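Here is what each chain is made of, one letter per residue.
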Amino acid sequence: ETDLANVSVYTDTKIGLDNYSGASFSPVRRSMVEKYGVVKCTICNNNLCVAFAGNNIAFATALFRRLCDLKSFELADVAEYALSFHKGAESVDSIEYIIAYYEEGIFHLDCVKNNTIMRDVPNCYIGSVEAFKTFQKIRYESIAKGQSIKDFTDRAFRDVVNGCSDDSVGGFAIRATYNHN
């Protein structure tokens with residue numbers, strides 16, 4: 001979600017136990033991932049944040065490895081790199097990305113899913129459709145209570161992560177917010 005002064009990216013940490021595709025963990029690390037999950041939102045530099053959904057750590061790692069190997073890249077190109085990994089996955093649900101970046105005084109929010117890039121959207125979601133519907137329902141109920149939707153976003157996301165009917169959602173609720181001030 002973005003506005004003129006901030007961009008926030010929300011993620012959960014749950015990773016499906018049968019979705020380790022390509023990731024190798026020691027027994028100790030695997031037990032920690034099973035218990036706590038992983039942070040699916042990475043601040044890559046002071047102007048770039050990448051989040052992923054789909055529980056496929058291998059594709060997320062491949063994107064981060066590509067960015068590291070390049071050493072220098074245009075921020076607007078990150079979504080193209082993400083799209084190439086998204087299209088290379090066994091299904092469109094295997095990996096989806098949100099690319100948030102700040103460039104030349106403007107926040108950008110790009111979403112990579114369904115074999116396409118949606119650029120410069122004011123808000124977007126990746127991952128569970130059921131979780132997103134629940135999230136929106138909770139947020140819009142705040143209008144009836146006279147609360148600002150934006151002010152209610154954090155609580156709505158925590159409520160979804162802690163009690164969504166989709167068992168692929170859970171763990172900790174993580175929010176990364178960038179404020180250019």
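Structure: above.
Residues numbered from 1 in each chain as written. Predicted model: local features only at pLDDT ≥ 70, side-chain atom pairs only at ≥ 80, totals over all residues. Heavy atoms only, no water.

What to know about helix α4 (residues 129-144)
Look at α4: 23 Å from first C-alpha to last across 16 residues, which is about the 22 Å you get at 1.5 Å a residue. Of the positions making up α4, those classed as buried are A131, F135, Q136, I138, R139 and S142. Looking straight down α4, one finds that the buried residues subtend no more than 160° of arc, so they occupy a single side. For α4, the exposed residues set more than 90 degrees away from the buried face come down to K133, K137 and A144. Of the surrounding elements, those touching the buried residues of α4 are α5 (149-163). Backbone nitrogen of E130 and a side-chain oxygen of the N-cap are separated by 3.3 Å at the start of α4; the cap is S128. Positive phi appears at G146, one or two residues downstream of α4, with a value of about 80°. (Helix = DSSP H or I, 4+ residues; strand = E, 2+ residues; numbered from the N terminus. Expected span 1.5 Å × (residues − 1). Buried < 20%, exposed > 50% of the residue type's maximum accessible area, 1.4 Å probe, protein only. Arc of directions from axis to C-beta. Contact = heavy atoms within 4.5 Å. Polar contact = N/O pair within 3.5 Å; in protein donor to acceptor, adjacent residues only side chain to side chain.)

As for the sheet that holds strand β2 (residues 41-45)
The strand order across the open sheet formed by 5 strands is β2-β3-β4-β5-β6, and the pairing between neighbours is antiparallel. Two strands lie at the open edges of the sheet, namely β2 and β6 (116-118), each paired on one side alone. Sheet twist, expressed as the average angle between the axes of neighbouring strands with direction ignored, equals 20°. Here strand β4 (residues 96-103) pairs with strand β5 (residues 106-113) via 7 bridges, running antiparallel. Directly across from I98, in β5, lies its bridge partner C111. The strands touched by helix α2 (residues 57-70) are β2, β3 (48-53) and β4; relative to β3, the strand with the most contacts, the crossing angle is about 160°. The strands touched by helix α3 (residues 78-88) within the sheet are β3, β4, β5 and β6, with β4 carrying the most contacts at an inclination of about 175°. (Pairing = 2+ DSSP bridges. Axes fitted to C-alpha atoms, helices over the stretch in contact; angles between N-to-C directions.)

As far as function goes, none of this settles anything; it's purely spatial.
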